[in-house]
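# Chains, contacts and geometry: an overview
Listed here are the chains, written in short residue letters.
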Amino acid sequence: MATTSSSALPPTTRAVVCREYGKPLSFDTLQTPTAEPGSAVVKILAAIVDPSEKERLLLKERNVHFSQQPPFIPGNCAVGRIAALGKDATSLKLGQLVLLDPFTRGRDDPNAQIIRAVFEGPSPSAKALSHQEGLWRDGFWTEYARSPLENCFPLDEKVLLGSVEQGGLGYGIGSIPYLMKHAVAYGGLRAIDLKAGETIIISPATGNHSGAAVQVATAMGARVIAVGRNAETLKLLAESNPRVHPVHLTGNVGQDVGLLTQFGTVDAFMDFTPSSMQNPLHMKACVLAVKQYGKGVLMGFPHGDFSLPYGLVIGKNITIRGQYMYEGEDVRGLIKLTERGLLKLGESSGARVLDYTLDQYNEAISKAAESQAWGLQVAIRPFTE
Ligand SMILES: NC(=O)c1ccc[n+]([C@@H]2O[C@H](COP(=O)([O-])OP(=O)(O)OC[C@H]3O[C@@H](n4cnc5c(N)ncnc54)[C@H](OP(=O)(O)O)[C@@H]3O)[C@@H](O)[C@H]2O)c1
C-alpha cells in the first residue's frame, strides 16, 4: 500500500551538504525524500542564509556544544509548497504554501528538542532524534525536504504574496522564512505576556534575532527602547516604527538607568546577550530601570555566568524567566500578526532582501556574512516556480 499522496516527485533532489565543519560544502544529487506517515515533503521556494553560516560551517571546527553532527544539509528556516503528504495528514493540502519550522521535538518526548541543521540538542534523547540520517538533522538548502507534519505551518498565500493593488501585502517569497527568526522573539515576548501599550527595553537590539524582536514587540503594540552601539542599525529600526527609541548606553549604571527611563515607566526588559559579550553591564541597569512588579526575559547565550542584583530583583518583585525558542502556538499567532499586516516583512520592515539560486550557495553565504546586524536578509531560492 502506498504511504503517500503526492504530486509527481522527481527521483532526485539537488542539495548543499556539510560533510565536515571547516571544509568546503559539497553540492550533491540525492534521492528525493518520501513522505512517510507523520511527514510531508516540501518543495523549497526560499530558505534563509544566516550571517553566521560562513564562520560556523566553513571557517571553524565543529562547536562541540552547539552543532549538528555531519553530514547534513544546512539551512534552518524555509518556506515551500507541499509536494507529498503522509497518509495520516488531516488538513494540509498538496500545493499549499507552508512555513517550515526547524525546531523539532520528539513525538514521544516533547522535551527532546533539536534545531534542524544547527543543534543536535543537549540530551541523549535529543541526539537520538537528530542522529537518524535522512530525517530531522537535515535543513533546507535543497530542492525537496521532508518535514514533520506539525512543523508545516500553512500560510495565506493570497494575503502575503498577493499584490498591494489586489489587497495583498506584496511580500517577496525570500522575506517569508525570516518569520522563524521573529518566532524566537515572539516566544520570549509571549512568555512575559507583553501587552499592547507597554514599554520594553531590548538589549542589545541590533542583532539578527534581537532586531527581529524590536519588530515583533512593536507589532504587538509595545513601545521599544532599543539598546545598541550600531547607530546605523538603530536608525533603521527607529525608522521602521515611531514607537522605537534608540538608546546608546554608556557603561555607567547610574547614567544608563537615566537613559533607559527617559521615556517614562519601563514595564519589561528582554536580554539578548550574545556569546561575544563578556560582561553585560546593561543587565543591572535594566533591573534598576524596570518598574516595581516589572518583568524580564533572558534569551541570549552568554559564555559563563554573570551576576544579577539579587536584592533588587526581590525588592522590586521582578519576574525574570529564561526562554528557549517557542511553542507551535507562538508560530500560529505570529503568522496571524503578519497576515493582518501588523508585523511587516522584508523591505516593508526596512530590511534588504537578497535572493540567490541554490547553486549560488557560496555567494549567498559570503554575502550574508558581510553584515551580522539586523537589516540584511539573504535567501536561497531553489525554485522560482
Ligand atoms: N533563546 C533562544 O531561543 C535563542 C534563539 C536564537 C538565538 N539566541 C541567542 O540570542 C543571542 C543574540 O542573537 P542575535 O542573532 O541577535 O545575535 P547577533 O546577530 O550575533 O548579534 C549580536 C548583538 O550583540 C551586540 N554585541 C556583540 N558584542 C557586543 C559587545 N561587546 N557589547 C555590546 N554589544 C555587543 C551586537 O551589537 P553591535 O552591532 O554593536 O556589535 C548585536 O546587536 C545569541 O547569543 C543567540 O545565540 C537565543
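Residues numbered from 1 in each chain as written. Predicted model: local features only at pLDDT ≥ 70, side-chain atom pairs only at ≥ 80, totals over all residues. Heavy atoms only, no water.

As named in an unreviewed UniProt entry, the chain is Alcohol dehydrogenase-like C-terminal domain-containing protein, taken from Talaromyces rugulosus.

### A short note on the packing of aromatic side chains
All chains considered together, the criterion is met by 8 aromatic pairs. Aromatic side chains Phe66 and Phe301 sit 6.4 Å apart centroid to centroid with 45° between the ring planes, which places their arrangement in the tilted category. Remark: Phe301 occurs in the loop between β15 (290–298) and α9 (310–315) and Phe66 occurs in the loop between α1 (53–59) and β5 (78–86); sequence separation between them is 235 residues. When the ring of Phe103 is compared with that of Tyr324, the centres are 5.6 Å apart and the planes differ by 90°; the resulting orientation is edge-to-face. Of this pair, Phe103 sits in strand β7 (residues 103–105) while Tyr324 sits in the loop between β16 (319–322) and α10 (328–339); the two residues are 221 residues apart in sequence, bridging distant segments of the chain. On the basis of relative accessibility, which here comes to 4%, the residue Phe103 falls in the buried class. (Phe/Tyr/Trp six-rings, centres within 6.5 Å; stacked < 30°, edge-to-face > 60°. Helix = DSSP H or I, 4+ residues; strand = E, 2+ residues; numbered from the N terminus. Buried < 20%, exposed > 50% of the residue type's maximum accessible area, 1.4 Å probe, protein only.)

### Observations regarding the sheet that holds strand β12 (residues 223–227)
Taken together, the 6 strands give an open sheet; going across it, the order is β13-β12-β11-β14-β15-β16, and neighbouring strands pair in parallel fashion. With one partner strand each, in any of the chains shown, β13 (244–247) and β16 form the two edges of the open sheet. Between one strand axis and the next, the sheet turns by 20° as a mean value, whatever way the strands run. Inspection of the sheet shows strand β11 (residues 199–203) paired to strand β14 (residues 266–271) by 4 bridges, in the parallel sense. (Pairing = 2+ DSSP bridges. Axes fitted to C-alpha atoms, helices over the stretch in contact; angles between N-to-C directions.)

### Section: helix α5 (residues 208–219)
It helps to recall that an α-helix has 3.6 residues per turn; residues three or four apart then point in one direction. The end-to-end C-alpha distance of α5, which contains 12 residues, comes to 17 Å, matching closely the 16 Å that a straight helix rising 1.5 Å per residue would cover. Residues of α5 that are buried include every one of Asn208, Ser210, Gly211, Ala212, Ala213, Val214, Gln215, Val216, Ala217, Thr218 and Ala219, and no others. After α5 finishes, the residue Gly221 shows a positive phi value of roughly 100°. (Expected span 1.5 Å × (residues − 1).)

### Here we look at the domain arrangement of the chain
Here the domain parsing of the chain yields domain 1 (4–164 + 169–176 + 345–381) and domain 2 (184–322). The C-alpha centroid of domain 2 is placed 30 Å from the C-alpha centroid of domain 1. Opposite the 8 residues of domain 1 that make contact, domain 2 presents 11 residues. In total, about 680 Å² of surface goes out of reach between domain 1 and domain 2, with carbon and sulfur atoms giving 60% of it. Its largest share of buried area at the contact with domain 2, domain 1 owes to Ser349, Ala373 and Trp374, together 70% of the area lost on that side. Our count for the contact surface shared by domain 1 and domain 2 stands at 0 salt bridges. For the pair domain 1 and domain 2, the number of links is 2 residue pairs in polar contact (both at pLDDT 80 or more). The residue inventory of the side of domain 1 that touches domain 2, partitioned by class, reads 3 nonpolar, 4 polar and 1 charged. (Domains from an automatic or database assignment. Contact = heavy atoms within 4.5 Å. Buried area = accessible area lost by both parts, 1.4 Å probe. Salt bridge = Lys/Arg side-chain N within 4 Å of Asp/Glu carboxyl O. Polar contact = N/O pair within 3.5 Å; in protein donor to acceptor, adjacent residues only side chain to side chain. Nonpolar A, V, L, I, M, F, W, Y, C, P; charged D, E, K, R; others polar.)

### Remarks on the UniProt feature "domain: Alcohol dehydrogenase-like C-terminal" (unreviewed entry) in the chain
Residues annotated in UniProt with the feature "domain: Alcohol dehydrogenase-like C-terminal" (unreviewed entry) correspond here to residues 212–338. Here residues 212–338 is 40% helix and 22% strand, with 13 Å between the C-alpha atoms at its ends. (UniProt positions renumbered as here; feature names shortened; annotations may be inferred.)

### Considerations on the packing of helix α4 (residues 179–191) against α10
Each pair of packed helices gets described by two things: the angle between the helix axes and the distance between those axes. In the contact formed by α4 and α10, the axes pass within 9 Å of each other and the chain directions differ by 110°. Classified by the angle between their axes, α4 and α10 sit roughly perpendicular to one another. Crossing of α4 against α10: the hand is right-handed. Across the interface between the two elements, Leu179, Met180, His182, Ala183, Tyr186, Gly187 and Arg190 from α4 touch Glu329, Asp330, Val331, Gly333, Leu334, Leu337 and Thr338 from α10. Here the contact of α4 with α10 is built from residues that sort into 7 nonpolar, 4 polar and 3 charged. (Parallel < 35°, antiparallel > 145°, perpendicular 65-115°, else oblique. Left-handed = near helix turned anticlockwise from the far one by under 90°.)

### Some details on the layout of surface pockets
Taken as a whole, the second largest pocket spans an internal volume of roughly 370 Å³. Contributions of two or more residues to the lining of the second largest pocket are made by β2 (12–17), β3 (26–31) and β9 (144–148). Of the residues forming the lining of the second largest pocket, the biggest block, 3 residues, is contributed by β9. (1 Å grid on protein atoms, 1.4 Å probe; cavity = no way out; pocket = protein on both sides within 12 Å on 5 of 7 lines; lining within 4 Å. Points joined across faces, edges and corners; volume = space filled by probe spheres on them.)

### Some thoughts on the site of the ligand
The local shell around the ligand holds 22 residues, among which Thr206, Asn208, His209, Arg229 and Met325 are the closest. In this structure, a nitrogen atom belonging to the ligand sits 3.3 Å away from a side-chain N or O atom of Ser276. Note that a nitrogen atom of the ligand is positioned 2.9 Å from one of the backbone N or O atoms of Met299. About the coverage of the ligand: the protein hides 77% of its 920 Å² of free accessible area. Here the shell around the ligand takes 3 residues from α5, the largest share from any one element. For the shell around the ligand, the class distribution of residues is 9 nonpolar, 12 polar and 1 charged. (Near = heavy atom within 4 Å. Areas by Shrake-Rupley, 256 points an atom, 1.4 Å probe, with all protein chains shown as cover.)

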